[in-house]
Amino acid sequence: MLAKTLFFSSPGRLSTRYEQLVYDGEDGVHRTFPIEDLGYVIVETAQMSLSAAVLQKLAAANAALIVCDGSHMPAAQLVAYAGHSTAQETTAAQFAASEAVQGRLWRQLVKGKIRNQAALAELLGHDVLSRRLRVLADDVKNRDEANCEAQAARLYFQALLNGVNRSPDGAWPNSALNYGYAILRAAVARALVGSGLLCIRGIHHHNRYDAFCLADDVMEPYRPYVDQYVLGRQPPFDVPATELTKEMKARLLQMLTYDVRIGDVSRPLSIAVTITAASLAKYYLGKAETLMLPEFIA
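Here the residue index of a chain counts from 1 through its sequence in written order. This being a predicted model, a pLDDT of at least 70 is required before a residue's local features are given, and a value of 80 or more before pairs of side-chain atoms are given or counted; all residues contribute to the totals for chains, interfaces and linings. Only hydrogens and water are set aside when side-chain values are computed; all heavy atoms of the structure are taken into account.

**Focus: the packing of helix α6 (residues 174-194) against helix α9 (residues 246-253)**
Stage number 1. Where α6 contacts α9, the axes come no closer than 10 Å and their chain directions differ by 40°. By the criterion of interaxial angle, the relationship of α6 to α9 is oblique. Seen from above, α6 lies across α9 with right-handed handedness. Contacts between α6 and α9 involve A176, Y179, G180 and I183 from the first element and K249, L252 and L253 from the second. Note on geometry: axes are C-alpha line fits, over the in-contact stretch for helices, and angles between N-to-C directions span 0 to 180 degrees. Each helix is a run of H or I in the DSSP string that is no shorter than four residues. Each strand is a run of E no shorter than two, and both are numbered from the N terminus. Any angle between 65 and 115 degrees counts as roughly perpendicular, while under 35 counts as roughly parallel, over 145 as roughly antiparallel, and the rest as oblique. Helix crossings fall into two classes, left-handed where the near helix is turned counterclockwise from the far one by less than a right angle and right-handed where it is turned clockwise. Any pair of residues with heavy atoms lying within 4.5 Å of one another is described as a contacting pair.

The structure is reproduced here in structure tokens:
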């Protein structure tokens with residue numbers, strides 16, 4: 001079943017009763033939602049109170065809670081420590097993986113990302129760029145020692161952003177891209193935990209201040225879907241904006257239901273990331289030889 005996403009932007013209170021998430025708004029609105037159906041709960045307003053029981057119930061259901069900052073951008077997320085019955089076995093295999101195994105995994109993720117960037121470039125009419133990116137994808141070696149990922153990103157964003165620098169604080173459309181990437185990161189983190197993996201142990205990303213290094217790695221081949229949703233869609237994303245509107249954020253949340261090709265089937269993005277996460281767990285356990293990664297179809 002496709003997990004539901006809830007977005008709260010008005011002041012109120014969240015509580016739990018009879019396995020339901022209960023929202024009581026200051027304007028008198030009263031809503032209930034089955035917790036077992038939830039995948040993502042996004043709280044944009046700072047004037048929302050919620051109980052510890054809500055946090056516990058969401059974690060038990062492996063539903064990600066995303067909290068936004070004063071600029072209404074995702075600032076933090078809560079995911080369960082373990083969302084899989086054999087998490088101990090899977091986590092042990094994850095931490096026992098050799099550098100050679102990690103290097104082969106990173107090669108697959110980078111190749112998948114660059115190939116999807118090339119497909120999106122072709123879709124948007126950048127045929128020369130697409131060919132250059134496909135050459136870079138073929139050149140990726142274990143651990144991406146030649147840093148093909150960075151080379152591809154430079155060429156890709158120079159063309160697609162028309163000279164606008166790609167930056168967390170840059171001009172439009174950076175705000176929309178950043179918001180989309182944050183939602184994608186939460187979806188990937190939730191899927192990894194659900195497969196018995198720990199996000200703190202990355203494949204390539206290593207940062208003492210980052211508790212989601214593995215999510216930052218695994219989300220890479222999915223980033224072009226955010227790019228396509230922001231740069232290749234109809235309004236409200238095709239005009240500059242000083243800040244994201246509620247309508248824009250709602251559109252970005254719909255990205256989780258966007259069909260992507262993975263293997264021989266098409267699945268909503270939120271389901272596809274669970275397939276990728278499960279294949280990573282199997283890889284660590286020696287039960288799979290390759291990752292199941294999305295393929296962007298131009």
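**Regarding the sheet that holds strand β5 (residues 38-43)**
Stage number 1. Spatially, the 4 strands line up as an open sheet ordered β1-β5-β7-β8, and their pairing is mixed. The open sheet has two free edges, formed respectively by β1 (4-8) and β8 (74-78), since each of these has just one partner strand. With strand direction ignored, the average angle separating the axes of adjacent strands in the sheet is 15°.
Stage number 2. Following DSSP output, two strands are said to pair if at least two bridges run between them. Where strand β7 (residues 64-68) and β8 come together, 4 bridges link them in antiparallel fashion. The residue of β8 that forms the bridge with L65 is L78.

**A short note on the pattern of salt bridges**
Stage number 1. Salt bridge, as applied in this entry: a Lys or Arg side-chain nitrogen positioned within 4 Å of an Asp or Glu carboxyl oxygen. All told, the structure shown has 9 salt bridges when counted by the stated rule.
Stage number 2. D138 is the salt-bridge partner of R115, the closest N and O atoms lying 3.9 Å from each other. Placement of the pair is R115 in helix α3 (residues 99-123) and D138 in helix α4 (residues 127-139), with a sequence separation of 23 residues.
Stage number 3. Using a relative accessible area of 41% as the deciding quantity, one classes R115 as partly exposed.
Stage number 4. Salt-bridge contacts for E122 lead to R134; the nearest nitrogen and oxygen are separated by 3.1 Å. Here E122 is found in helix α3, whereas its partner R134 is found in helix α4, with 12 residues between them in sequence.
Stage number 5. Judged by relative accessible area, R134 falls into the partly exposed class, the value being 34%.
Stage number 6. Three or more residues are tied together by salt bridges with common partners; here these are K113, E149, E220 and R223. Think of it in three bands: residues with accessible area under 20% of the maximum for their type are buried, residues over 50% are exposed, and the middle band is partly exposed, with areas taken using a 1.4 Å probe on protein chains only.

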